[in-house]
Amino acid sequence: MTIVETLTLMLALVYSTSLLYWSGKKWGAAISAGLLCAAFAITLYWPLLIGLILASITLFILKKRQPELAQAEVRANPLRELIQHTLALSMLLVGIQFAANSAMLYMGKTPWLMRPDVGDAFLPIAGGIELKAIISLGIWDQTHPAAAVMLTVVLLTGLLCKRAFCGWACPLGLAGEYLYKLRKRVIKQEFAPPAWLDWPLRMVKYLILAGLLFIILTMPSAAIPHYLSGNYHKIADLKMALFFVTPGLITLACFGFILFLAAWRRQGFCRYICPYGGLLGIVSFASPFKIRRSSKHCLIESKGMNCDKCTRACPANIKVHDQGVIRSDECQACMRCVSACPKKEALHFSTRNGIKLSARGLTIMLLSLLFMLPLLAYVCGFWVSETPTDIRMYLIQHLNSIGH
Ligand code: SF4
Ligand code: SF4
């Protein structure tokens, strides 16, 4: 695990542990802190300890300067932005480290910067094939183990807290948000497509997802061990990077279209194209937590007033003020609607039997899901790729001649 990965992991887990403490769940905080210390005691990997200390110092400083944010006693928006920007910064550093590691390999030098394994999160097909190998054959891939771990983690977030991964963690979603805001500065007009066009466009991401699932599901189980031990799988991450670094004309046109979509409509990329968004949209139907509107407290029913503040705040164009329960696959659990509502009790992110998750609760759940499983995987030796550096160095020199 690289320093950037370790620091991000510890920062997230120390923060969620401290939030458990501040919300009165002292036992939860003690167990979480115990797990962090146990992870270091088992691995004796000193960056984990350094990460633990630095994360504690960072939180201490945050507590001194912005106590409300440190204790998550703020509304959802600043909390979500803090998490989104921290994770985006981490992914940016991971990307730079991956590029530096690959460049050194390409030049035939032994890299002094480690390869960040979390980058395998960008290999959803490899992750899917690895999960299939685990389920159908009991084979645990050691070439890109983090791909299966991260796919599982993201699926779990969808199962438990809707598309909170998209709304709170995804760096691409955040980049799209900035692009959209930039476009709005230049051209103020909204370009939301009419409903008859919006629906088929939304289905595009499910078509892309179906294509990816087709590749994974139609691969015969007997062929999986061969694939996992092959050279293509060993450098799937480098192939993916090469695809982005040296795009052809068609790829450039696709990138241009994606940028156009993101700028044209808020969350355009997440809504229309992103297959991860599609996957989480489907899984999120099973999530017990949903945005629920209480007609007893909502100003519309309780006071007979006209109010649609929640709907106007929703970036996914969901008519929140019209519905009792938001089941939409586009809901990213961003809680903007909850923040915008003038009646404290009218809107909640809760289960059917009334268990409520505040912005702080969602932060704890999301960070624990996103980082506790990777830490466990690391401790169990199922995170770091076992492909030797000299093999990667050899393969990167012959990248173009290696196919499926
Ligand atoms: S319904 Fe609320 S939580 Fe869901 S996307 Fe809209 S604003 Fe966000
Ligand atoms: S903002 Fe709150 S009070 Fe207004 S319609 Fe939505 S839920 Fe009801």
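Here is what the cut-offs are and how they apply
- Residues numbered from 1 in each chain as written.
- Chains lettered and ligands numbered in written order.
- Predicted model: local features only at pLDDT ≥ 70, side-chain atom pairs only at ≥ 80, totals over all residues.
- Heavy atoms only, no water.
- Helix = DSSP H or I, 4+ residues; strand = E, 2+ residues; numbered from the N terminus.
- Rg over C-alpha atoms; globule rule 2.2 N^0.38 Å.
- Contact = heavy atoms within 4.5 Å.
- Areas by Shrake-Rupley, 256 points an atom, 1.4 Å probe, with all protein chains shown as cover.
- Lys, Arg positive; Asp, Glu negative; His and termini not counted.
- Charge placed at Lys NZ, Arg CZ, Asp CG, Glu CD.
- Buried < 20%, exposed > 50% of the residue type's maximum accessible area, 1.4 Å probe, protein only.
- Pairing = 2+ DSSP bridges.
- Near = heavy atom within 4 Å.
- Nonpolar A, V, L, I, M, F, W, Y, C, P; charged D, E, K, R; others polar.
- Disulfide = S-S within 2.5 Å.
- pLDDT = per-residue confidence, 0-100.
- Axes fitted to C-alpha atoms, helices over the stretch in contact; angles between N-to-C directions.
- Parallel < 35°, antiparallel > 145°, perpendicular 65-115°, else oblique.
- Left-handed = near helix turned anticlockwise from the far one by under 90°.
- Salt bridge = Lys/Arg side-chain N within 4 Å of Asp/Glu carboxyl O.
- Polar contact = N/O pair within 3.5 Å; in protein donor to acceptor, adjacent residues only side chain to side chain.

Asks: Any chance you could break down the overall build of the chain for me, citing the residues and the numbers?
Replies: Within the chain one finds 21 helices and three strands. In terms of overall dimensions, the chain is globule-like: its C-alpha atoms have a radius of gyration of 22 Å, near the 22 Å expected for 404 residues. Taken along its principal axes, the extent of the C-alpha atoms in the chain is 70 × 50 × 45 Å. Nonlocal contacts in the chain, meaning residues at least 24 apart in sequence, comprise 78% of its contacts between residues at least 6 apart. Carbon and sulfur atoms make up 70% of the accessible area of the chain, which amounts to about 20,000 Å² in all. Put simply, the chain has 40 plus and 20 minus side-chain charges, and the middle of one group is 8 Å from the middle of the other.

Asks: Hey, could you go over the pairing of strand β1 (residues 290-293) for me, with residue numbers and the actual values?
Replies: Burial along β1 is two-sided: the residues K290 and R292 and I291 and R293 are all buried. One ladder, built from four bridges, connects β1 with strand β3 (residues 347-350); its direction is antiparallel. Each bridged residue has a counterpart across the sheet, and for K290 the counterpart in β3 is S350. Relative to strand β2 (residues 325-326), β1 is paired through two bridges, and the arrangement is antiparallel. Residue pairing for β2: I291 is matched across the bridge by I326.

Asks: Requested: an account of the environment of R327, with residues and values cited.
Replies: Inspection of the secondary structure puts R327 in the loop between β2 and α19 (336-340). Residues R327 and L252, spaced 75 residues apart in sequence, show a C-alpha to C-alpha distance of 36 Å. Setting aside residues up to four positions removed in sequence, R327 forms contacts with K162, F285 and K290.

Asks: Can you explain the site of ligand 2? Please cite residues and give values.
Replies: For ligand 2, the full set of nearby residues is R293, C298, L299, I300, C307, K309, C310, H321, C341, P342 and L347. Sorting the residues of the shell around ligand 2 by element identifies α17 (299-303) and α18 (309-313) as the ones contributing at least two each. Here the residues of the shell around ligand 2 sort into eight nonpolar, one polar and two charged.

Asks: I'd love a proper account of the state of the cysteines, names of residues and values included.
Replies: Inspection of every chain in the model, using the stated rule, returns zero disulfides. Free of any disulfide, C37 has its nearest cysteine sulfur in C380, 17 Å distant. Its sulfur unpaired, C270 is 6.4 Å from the next cysteine sulfur, which belongs to C166.

Asks: Got a sec to walk through the confidence of the model for the chain? Specific residues and values, please.
Replies: A residue-level look at the chain finds 99% of positions with pLDDT of 70 or above and a mean pLDDT of 90. For the chain, per-element mean pLDDT is lowest for helix α13 (residues 236-245), which scores 79, and highest for β1, which scores 95.

Asks: Before we move on, could you go through the environment of H226 and cite the residues and values that matter?
Replies: Tracing the backbone shows H226 in helix α11 (residues 224-228). The exposure class assigned to H226 is exposed, which follows from its relative accessible area of 65%. Sequence spacing of H226 and G281 is 55 residues, and the spatial spacing of their C-alpha atoms is 32 Å.

Asks: Let's hear about the packing of helix α9 (residues 171-186) against helix α14 (residues 249-264): which residues, and what values?
Replies: Between α9 and α14, whose axes approach to 7 Å, the crossing angle comes to 65°. It follows that α9 is roughly perpendicular to α14 by the angle criterion. α9 and α14 meet at a crossing whose hand is right-handed. Of the residues in α14, those in contact with G176, L179, Y180 and R183 of α9 are L259, A262, A263 and W264. Considered class by class, the residues forming the contact of α9 with α14 number six nonpolar, one polar and one charged.

Asks: Outline the pattern of salt bridges, supporting the account with residue identities and numerical values.
Replies: This model, assessed by the stated rule, comprises 14 salt bridges. R163 serves as the salt-bridge partner of E330, at 3.2 Å between the closest nitrogen and oxygen. Here E330 is found in the loop between β2 and α19, whereas its partner R163 is found in the loop between α7 (145-161) and α8 (164-169), with 167 residues between them in sequence. Its relative accessible area of 0% is what places R163 among the buried residues. Residues R312 and D308 are paired through a salt bridge, measuring 2.9 Å at the closest nitrogen-oxygen approach.

Asks: Just give me the short version of the side chain of E330, but keep the residues and values in it.
Replies: E330 gets classed as buried once you look at its relative accessible area, which sits at 3%. In terms of polar contacts, E330 uses its side chain to reach the side chain of R163, at 3.2 Å. Discounting residues that sit within four places of it in the chain, E330 has contacts with R163, R202, K205, R271, A316 and I318.

Asks: Give me the sheet that holds β1: which residues, what numbers.
Replies: Strands in a sheet are paired, the pairing made by backbone hydrogen bonds, and the direction either parallel or antiparallel. Reading across the sheet, the three strands line up as β2-β1-β3 and stay open at both edges, with antiparallel pairing between neighbours. Single-partner strands in this sheet number two, and they are β2 and β3.

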